[in-house]
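An overview of the molecular structure
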Amino acid sequence: MSAIPISWYLVLSAVLFGLGVVAFVFKRNVITIFMSIELMLNAVNLAFVAFARARNALDGLVFVFFVIVVAAAEAAVGLAIVIMLAQHRESLNVERVNLLKL
Amino acid sequence: MSVPIILFFVCALLAVAGAVLLILAREPIHSALALVLVMMALAVLYLLLGAPFVAAVQIIVYAGAIMVLFVFVIMLLNAGVEERTDFSKIAKWAGVPLGFFLLLLIAHFLARSSIGTAIATGAGAAAEQASTRELSVQLFRQYLFPFEATSILILIAILGALVLARKDE
Amino acid sequence: MLLLDHLWIILALPLAGAAINGLFGKRWPQSVVNSVAVGSVSLAFLAAAETVREFCALAPDQIPFVGNYFTWMVAGPFRVNFALQVDQLTVVMLLTVTFVGMLIHIYSTGYMAHEGGYYRFFSYLNLFMFFMLTLVMAANLIVMFVGWEGVGLCSYLLIGFWFLKKSAADAGKKAFIVTRIGDLGFTVGILLVFAVFQSVDFGTIFRDVSQNPRSEAVLTAICILLFTGAIGKSAQLPLYVWLPDAMEGPTPVSALIHAATMVTAGVYMVARMNPLFSRAPVAMLVVAIVGAVTAFYSATIGLVQTDIKKVLAYSTVSQLGYMFLACGVGAYAAGIFHLMTHAFFKGLLFLAAGSVIHAMGGEQDMFKMGGLRERIPVTYWTMLIATLAIAGIPGFAGFFSKDAILEAARVASHGNSTIFILWLLGVVGAGLTSFYMFRLVFLTFFGKPRYDEHKAHVHESPKNMTVPLMILAFLSIFGGWFAAPKLIGGIDHFEKFLSPVFSAYAPRVAQEEIRVVNPALPPVPPGYSEPSAGMELLKALTGVPVIVAVLGLLAAWWLYIKSPDTPKRWAQSLRGLYLLLLNKYYVDEIYAALIVRPLLWISTNVLWHVVDEGAIDGVVNGTARVARESGSELRQLQSGNERSYATWVVIGAVGFTVLLLVLLGGMR
């Protein structure tokens, strides 16, 4: 079977990552912003797997494993925060959450 | 055109479409579902890359647990259509364009980088799959400490989530 | 050789007195302050006397005796040691300063007894002694300058002793500022000396100038610059204006600083620098002209003044003029002689005036006195003796010194019409001096009392004030008798004592000129017949100076005792002239308009508003303003809006990525 150049996977990874950044800046809903983070993480995972394949090494896969685990923990805590925020502020619009304002 | 290549393009298109849908969706639930689509597509790509274990973990954990959690929260909070506020001028004018620029920048570099082309030949050679057995050996030998550390991390996350989401008395 | 090896002791004693009184005197009773102050000066006098005794035992080649104490400044070729020296001139100055200073300290214990700030007064007075002694014992121009500035500082402090009184504070400032103008010239002169001779040490300079001739123009420049410092410090035209105002200070201060010692610093400096001056005839002529004109000018002002201290102030300016006239015609020894006798009789005059003022409860206007002769006899007799001395009546100290000056001037005027005019001015000035001094005595002590006898409590001063008066009166008579033998064909011992100082580095001139230019040099050319002793004496006693002195006395007697209404009539008929003299030729007003007001305007409008407020404050406030405004601008970054923050992160990420790619050479 003809091989797919690794660079294609990498470009796809870059595209997904960029779209994740755009989503992060563009969207206003807190949960959606969170999801864009997940999108970025996924893009990075793809790059790792691609490199693992390219180098014939398993380290990349191990790292993907850890990324997923950490993403899970992060999602748990992050969503807990989102719930708290929604309860206190009655709004999920990130622009209304200006607790960091000096 | 061989099957892998067609498969690649299809999955790639699905992934990108999912990402774009995530941006364009008006309701967060639609964004969540779009993200699930992306993950599915990526799982197939992992298979193509010869990492079946990772593909499985992706579906089981990422799409199956994390996204379900997201959907639960969305439904719990009854998140509806986003309010159209526009307080941040800089985000509108600089953020979005620069995000695209970053995208193109990295993509461009990666496309033309030596690592991309050099490995192209290698990729074809190693068409075997990375066995789960070898992966687990690595995990429990070399990466034992990070493995145990992540278990503690999960514990902490659980505790944190519990404390945070508790109603104030 | 105890003291010669430790000359600094003479300086340390008054300095210690000043420090102790200054730091601790506030809580001490007057008796303790007295002991410290008078004690330190008396010990200084004894130390000086001992130094002189040791000095007299030195061999001629050991003179001047220099003590190098430590290297003070080194900056490349500029090397200054803290060095003190003793030669014959120093001896004269040392003894005069310490002895008269001691007497005035004792007098002050009586005069200032009822004044506040007692300890402060004596602290300043001791400090003054320290600086004055530094000045006269200095072995180089820089140490002399330290003393020079230091006495100026003490003068300021003491003139403005009653600093809460505006006129006193102003007078102190005026003194300091006006002398500063002179000091500018002095400083430039010192720098020029260094530039020409690569040293500021007296011995080095004088040896250098006598062995290696320098251009007369350069030496003239140096001497004139140094002399401007003397003009300021010794109150000559045009910088004399501070001295009359300085009478705001307590009378002992006027006696010590503005009569006996500080103001004579200029004369001392010129005499000390005689090797340079003698090689710059133009500069010497300038000195002589300034001296003679000032002597005459100041005497005219003194004719009509009403305040007893002001008369004495103008008299001091005038007498200093005579000293400079002497130096200007090369008779340095005569100038120093007059300096010494002047310290005696002028010091006495001021102290006696202080006694009168003390007796009159603070009154200083002579026209409100009169008839004090019987009330305060000691003061009267001592003041009379001092007046006889200053007028130049034969037998008294002033006669010898003033006669020496006028004689030297007359001799120098042979074939030089300029100096002849100066001599003439000196002679007329002597007549005026005699007149206004006797006027002072007659107005104060004779006639009917012009004050309310019941209100004033006229009493003689206490012993600690009258005893110094008597000692100075003794010196005002006998202090000049060193020169007496000259009258009967002998030699002037004073001149002889000082001659090494003035001849050691004197320029070699043709034999005939020696007689005319420098009377200090001994040899007499052959063919000159010695007149007999009796002839000499007769010549001296009937000389022009004596005649004008007696004329002055008679005129004063006539105008103020015989027919007291005459002065008033003359003042009415010559109203313009009278007012001109009374208002001191309006010089202060002219200075105020021409110099003071423009300077004040520049200070306020340019230096204050533009430079200080605009530039300096502008920079400081501007920096703060920039910080504040940039801060308030940057603060807007902290909007609390998470999307903005995210955007900034993206901007950073893009920048970083670009940088990384450029560095790795992967771009383009």
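Residues numbered from 1 in each chain as written. Chains lettered and ligands numbered in written order. Predicted model: local features only at pLDDT ≥ 70, side-chain atom pairs only at ≥ 80, totals over all residues.

Before going further, it helps to spend a moment on the interface of chain A and chain B. Taken together, the contact pairs 64 residues of chain A with 76 residues of chain B. Put simply, the parts of the chain that give the side of chain A that touches chain B at least two residues each are α1 (6–26), α2 (30–55) and α3 (59–89) of chain A. Sorting elements by how many residues they give to the side of chain A that touches chain B places α3 of chain A first, with 21 residues. Each residue belonging to the side of chain A that touches chain B can be placed in one class, and the counts come to 51 nonpolar, 9 polar and 4 charged. (Contact = placed C-beta atoms within 7 Å. Helix = DSSP H or I, 4+ residues; strand = E, 2+ residues; numbered from the N terminus. Nonpolar A, V, L, I, M, F, W, Y, C, P; charged D, E, K, R; others polar.)

The next subject is the pairing of strand β1 (residues 65–75) of chain C. All names here are of chain C. The pairing of β1 with strand β2 (residues 78–86) spans 9 bridges and is antiparallel. Residue Val-66 lies in a different strand from β2, and its bridge partner there is Gln-85. The hairpin formed by β1 and β2 contains 2 residues between the paired strands, and Gly-76 there has a positive phi angle of roughly 70°. (Pairing = 2+ DSSP bridges.)

Residue and element names in this part refer to chain C. Averaged over all residues, the pLDDT of chain C is 86; the fraction at 70 or higher stands at 93%. Mean pLDDT per element in chain C: helix α22 (residues 511–517) is the minimum at 43, and helix α6 (residues 141–159) is the maximum at 94. Counted against residues more than four places away or in other chains, residues 510–518, with its pLDDT under 50, gives 11 contacts. Reported confidences for the modelled complex are a pTM of 0.71 and an ipTM of 0.90. (pLDDT = per-residue confidence, 0-100.)

On to the nonpolar core. Counting residues in each nonpolar core, the largest one holds 214 residues, and the members touching the most others are Phe-128 and Leu-325 of chain C. Considering each element in turn, this core owes the most residues, 18 residues, to helix α16 (residues 332–359) of chain C. Ranked by size, the runner-up nonpolar core spans 79 residues in total, among them Val-11, Val-49 and Ala-54 of chain A together with Val-650 of chain C. (Core = buried A, V, L, I, M, F, W, Y, C linked by C-beta atoms within 7 Å. Buried ≥ 20, exposed ≤ 12 C-beta atoms within 10 Å, placed from the backbone.)

Residue and element names in this part refer to chain C. Relative orientation of the contacting elements helix α2 (residues 8–24) and helix α5 (residues 118–137) amounts to 160°, with a least axis distance of 8 Å. Between α2 and α5, the crossing angle belongs to the class labelled roughly antiparallel. Relative to α5, α2 is oriented so that their crossing is left-handed. The segment α2 lies against α5, with Ile-10, Leu-11, Pro-14, Leu-15, Gly-17, Ala-18, Asn-21 and Gly-22 engaging Tyr-119, Phe-122, Ser-123, Asn-126, Leu-127, Met-129, Phe-130, Leu-133 and Thr-134. Tallied by class, the residues present in the contact of α2 with α5 amount to 11 nonpolar, 6 polar and no charged. (Axes fitted to C-alpha atoms, helices over the stretch in contact; angles between N-to-C directions. Parallel < 35°, antiparallel > 145°, perpendicular 65-115°, else oblique. Left-handed = near helix turned anticlockwise from the far one by under 90°.)

Now for the packing of helix α4 (residues 89–112) of chain B against helix α28 (residues 642–664) of chain C. Remark: α4 of chain B packs on α28 of chain C, axes separated minimally by 9 Å, with the N-to-C direction vectors making an angle of 30°. Taken together, the axis directions place α4 of chain B and α28 of chain C in an arrangement best described as roughly parallel. Judged by the sense of rotation from one axis to the other, the crossing of α4 of chain B with α28 of chain C is left-handed. Contacts between α4 of chain B and α28 of chain C involve Ile-90, Ala-91, Ala-94, Gly-95, Leu-98, Gly-99, Phe-101, Leu-102, Leu-105, Ile-106 and Phe-109 of chain B from the former and Arg-643, Ser-644, Ala-646, Thr-647, Val-650, Ile-651, Ala-653, Val-654, Thr-657 and Leu-661 of chain C from the latter. Looking at side-chain class alone, the contact of α4 of chain B with α28 of chain C contains 15 nonpolar, 5 polar and 1 charged residues.

Within the fold, Ile-651 of chain C resides in helix α28. Under the C-beta neighbour-count criterion, Ile-651 of chain C is labelled partly exposed, with 15 such atoms within 10 Å. Excluding residues that lie within four positions of it along the chain, Ile-651 of chain C makes contacts with Ala-94 and Leu-98 of chain B.

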